[in-house]
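Inside the fold
For reference, the chains in residue letters:
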Amino acid sequence: MEDNGDGKRSLPKLREIFTRQRQDSDASMTDCPDIEFNYDDADLPENEVAELYSYTEGPEFQLNLKAWEEVCGELGVLPLWQSASDVSHRTLIIRLADHLELCNRSLRMRAARAILYISQGCWGEVQSDREQTMWARRNVFLLVQCGVWPSFLQLLHLEIESTGGNENQRKLAVSASLADSADLRVILSVLYTIVETLRVPSDDDTEAQTQTRLYFCEELGQPQGEDEELVAMTLLGMVTRFCNSSAPHFPIRKVLLLLWKVLLSSLGGTQQLAVLKNTYRDKYGLQPCEEDTLTVARTMRASSPPASAADLIEQQNNQKRRPFRRQQGLMKQSSLDDSVGELDLTAAADDDEQPTNDIDEPPDLPQPPSPRPGTPVPNNTTNKGLPWTPKVRQKDIDSFLDSTRIKFVGFQLQGDRTSLAGLPLPIHEGVKVLSKHVYVSLSEIQIRQEEEMTRNPLSHPESDIPQTPSEILYQAMLPTLPQCMIALLKILLAAAPTSKAKTDSINIMADVLPEEMPMTVVQSMKLGVDVNRHKEVLVKAVSATLLLLLKHFRINHIYQFEFMSQHLVFANCIPLILKFFNQNIMAYVQAKNTIPLLDFPACVIGDPPEMTAEALEAGSGSPAGGNTSPGGSGGSPSGGCGEGGGGSNHGSVTCCWRNMFSCTNLLRILNKLCKWKHSRIMMLVVFKSAPILKRTLKVKHAMMQLYVLKLLKMQTKYLGRQWRKTNMKTMSAIYQKVRHRLNDDWAYGNDPDARPWDFQAEECALRACVDRFNSRRYNTAIDPDFEPLDNCVTSVLGRPVELTEEFKKHYEVWLQQEVFSAAIDWDQLLAPNL
């Protein structure tokens, strides 16, 4: 073994290894600029429409134009849309809609492609993207007003029903390609274009168009078609069939995107959720919620990521080599609150350095005299204090009073929240502070009502259930909700970057892979970008759908939310999300898997660009298209940059919007599943989520870091004292950025020996409550104990009775044994029983 002496000779090599690892993983603190990202319900409409089409579908745009020209030739009209009048437009659309009813499949789908060309803005006659967007919006309103939407819904049901479970479909499970879903993709593209266009309001809309848009969004939340089925349930059924391999050729990307936008249009986005929440709170007599998490998070500033091992070694060496420097003066520290929102998670070099100065001044320069004690120090900080108002639950006050009464008085007063006799004055002040910050949530009120109805079913019957869009959707989803959650998580697992291909997994590439595999380098590069982009879009759609359902079910009724949450947990959603984040997350959020030249409508307007390897590399590396923030290019309702706080964006970088959106959604889903659930928090501990979440802090975006810090705060008391001791910078960030729950011992509680099965009782109790809620509210069968008894002889004898075939066969034997051979006193039987 080589003698290393005091270890100094091995130190440069160790530093080199750490530095190389740091460069490979992009984990350097100095290379982590602020991420420019503005969270919203969806990306810009043009980016959302562009993500509907894969790059492999590019040649099919010309098929739409060809179908349009052929149909116009048969109808005897010129294929010039812009020069025609509005009456001609409506007449042509109605005649095309009539062709959708033809028995001939090829003629029917040709008309569908012509309508798709119209919904795409008749791009063969436009000169710019802006002109195409204008015509597309105008044409979509015409299509809806002419009744094209129900016709395409009927076509969708026809295509779904024509898919049988024959041998050919089972063979498609492995070999499905783009050609197998051509007709379905046309239908889904028309439906998606209509929904996405009418989902977003525009300042140029007329009064009639505004009414059409609002009526259409309201209709999406109601059963439609001959089967009286929700559009969302039709799409969820397609997802389930795709995942159980009974329909492997379904274009799952378009199905999921349409499902997400249908839910977003019918249920409502962030603004509608805030209005709904305050409406429900006002209904139950609660104060409106003034603080919005997304709004407050936009005012925060991102923190620097934790230090890596290589940075800590270099820092220690710099401290040893730095000569002694006499401290020139003491700077006055105004307060801890002045640094709120500007916390640095990295280890400070040493105490005598100024972290705000970029250039150290020579030590021999004269220093200005320190201010006198009475002189106020200039301070331009505007963000004073913590960003959140602290909260406390009523049961926290009850437990506080119980413990203090046992300590000072010696007995408890169950249900008494006002008597403070015998308690010292500081306890009085503590109760006053706690009572000032009491927050009563909607879920507490709803749970209390459910408990009353369970205890007293006769005196507290079920009131009329308002048929809101969320309630209608939950009633429709209830029988198949577990299968729907499993199907969505299967797709999320298959599309995750950390997942490896398995032979038994679902084939999510059926609507990306061409019939003939690429033969050139350029085609291979384009297909590689397209596959990665396809997976990112799938993750985006699934995460947004799950989060939207969770948020709306939680507001509508807490037990609806808990029912969906439990099935997500049972389907291993928590380890799946942790597995997703167990990757180089900085590389994921900055990925450039897009080729702007091939995005719709750029790929069809003007001359087709020449695709070379250099052009593909330049296109995929440019922050254009979907890689920019909605707020950065205007047109986003939220506006501003993601970091907020009024700080400069010096050193900020753009990111892949859909990947940042997906990561934020998954973190929010994980927070909703684990909040106040000890057994699920223990799952985070058991799956060793702390180091995974700490690595996620390297993404310097305030909102994303906030949700990561919330997850770390939940499990801090179970990680042990040593973890808190070695992660004090993270603990400080939690203190400064996450809302305080008074009486919460997250920072000093210690329960490292807790095990998941210690908390299984509360999970079982919750499931019993949810099952009781679903059985009472949605089970049409009446409990036999509460069913009224019919004593009328006429109605009893006149009730229709279904006789079995066996009874009919042996009817004469029954008569002989039960009637003729038995002695019956008919007078006593028919006598009135008073």
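Look a little higher up for the structure.
None of the values given here were measured: they were computed from a predicted structure.

Our focus in this paragraph is the packing of aromatic side chains. One pass over the full model with this rule turns up 22 aromatic pairs. Centroid distance F580 to Y588: 5.3 Å. Interplanar angle 90 degrees. Geometry classified as edge-to-face. The pair F580 / Y588 is uniform in exposure class, with both members buried. Taken together, the ring pairs connect Y474, F553, Y559, F563, F773 and Y778 into an aromatic cluster. The ring of W260 has K261 sitting right over it, with the charged end atom 4.5 Å from the ring centre. Across the ring face of F561, the terminal group of R554 is positioned such that the distance to the ring centre comes to 4.8 Å.

So, about the nonpolar core. Core analysis: the largest hydrophobic core is formed by 181 residues, its most contacted members being F152, L235, L473, M485 and F581. Residue contacts for F152: discarding those within four places in its chain leaves L100, A112, I115, I187, V190 and L191. Counting nine residues, the second largest nonpolar core, distinct from the first, contains V392, I397, L423 and V431.

On the surface, E161, E226, D227, E228 and E229 cluster together into a negatively charged patch. Mapped onto the elements, E161 comes out in helix α7 (residues 148–161).

Mapped onto the elements, Q583 comes out in the loop between α23 (573–581) and α24 (585–589). Since its relative accessible area comes to 18%, Q583 is described here as buried. There is a polar contact of 2.8 Å between the side chain of Q583 and the backbone oxygen of F580. Once you skip the residues sitting within four places of it in the chain, Q583 turns out to touch P497, T498 and Y588.

A separate point is the packing of helix α9 (residues 182–199) against helix α10 (residues 207–220). It is the contact of α9 with α10, at a shortest axis distance of 9 Å, that shows an interaxial angle of 120 degrees. As judged from the angle between their axes, α9 and α10 are oblique. The crossing of α9 and α10 is left-handed. Along the contact surface, α9 presents I194, V195, L198 and R199, while α10 presents R213, F216, C217 and L220. Broken down by class, the residue content of the contact of α9 with α10 amounts to six nonpolar, no polar and two charged.

Attention now goes to helix α31 (residues 728–737). T730, M731, A733, I734, Q736 and K737 are the residues of α31 that are buried. Against α28 (689–696), α29 (702–719) and α30 (721–726) lie the buried residues of α31.

A few words on the packing of helix α12 (residues 252–267) against helix α19 (residues 469–477). It is at 9 Å that the axes of α12 and α19 come closest, and there the two elements cross at 140 degrees. Taken together, the axis directions place α12 and α19 in an arrangement best described as oblique. Only P469, S470 and L473 of α19 make contact with α12, whose side of the interface consists of L263, S266 and L267. Within the contact of α12 with α19, the residues separate by chemical class into four nonpolar, two polar and no charged.

Reading the values: rules and limits
- Residues numbered from 1 in each chain as written.
- Predicted model: local features only at pLDDT ≥ 70, side-chain atom pairs only at ≥ 80, totals over all residues.
- Heavy atoms only, no water.
- Phe/Tyr/Trp six-rings, centres within 6.5 Å; stacked < 30°, edge-to-face > 60°.
- Buried < 20%, exposed > 50% of the residue type's maximum accessible area, 1.4 Å probe, protein only.
- Lys NZ or Arg CZ within 6 Å of the ring centre and 35° of its normal.
- Core = buried A, V, L, I, M, F, W, Y, C linked by side-chain atoms within 4.5 Å.
- Contact = heavy atoms within 4.5 Å.
- Patch = residues over 30% accessible without salt bridge, like charges linked within 9 Å, V, L, I, M, F, W, Y side chains within 5 Å.
- Areas by Shrake-Rupley, 256 points an atom, 1.4 Å probe, with all protein chains shown as cover.
- Salt bridge = Lys/Arg side-chain N within 4 Å of Asp/Glu carboxyl O.
- Lys, Arg positive; Asp, Glu negative; His and termini not counted.
- Charge placed at Lys NZ, Arg CZ, Asp CG, Glu CD.
- Helix = DSSP H or I, 4+ residues; strand = E, 2+ residues; numbered from the N terminus.
- Polar contact = N/O pair within 3.5 Å; in protein donor to acceptor, adjacent residues only side chain to side chain.
- Axes fitted to C-alpha atoms, helices over the stretch in contact; angles between N-to-C directions.
- Parallel < 35°, antiparallel > 145°, perpendicular 65-115°, else oblique.
- Left-handed = near helix turned anticlockwise from the far one by under 90°.
- Nonpolar A, V, L, I, M, F, W, Y, C, P; charged D, E, K, R; others polar.

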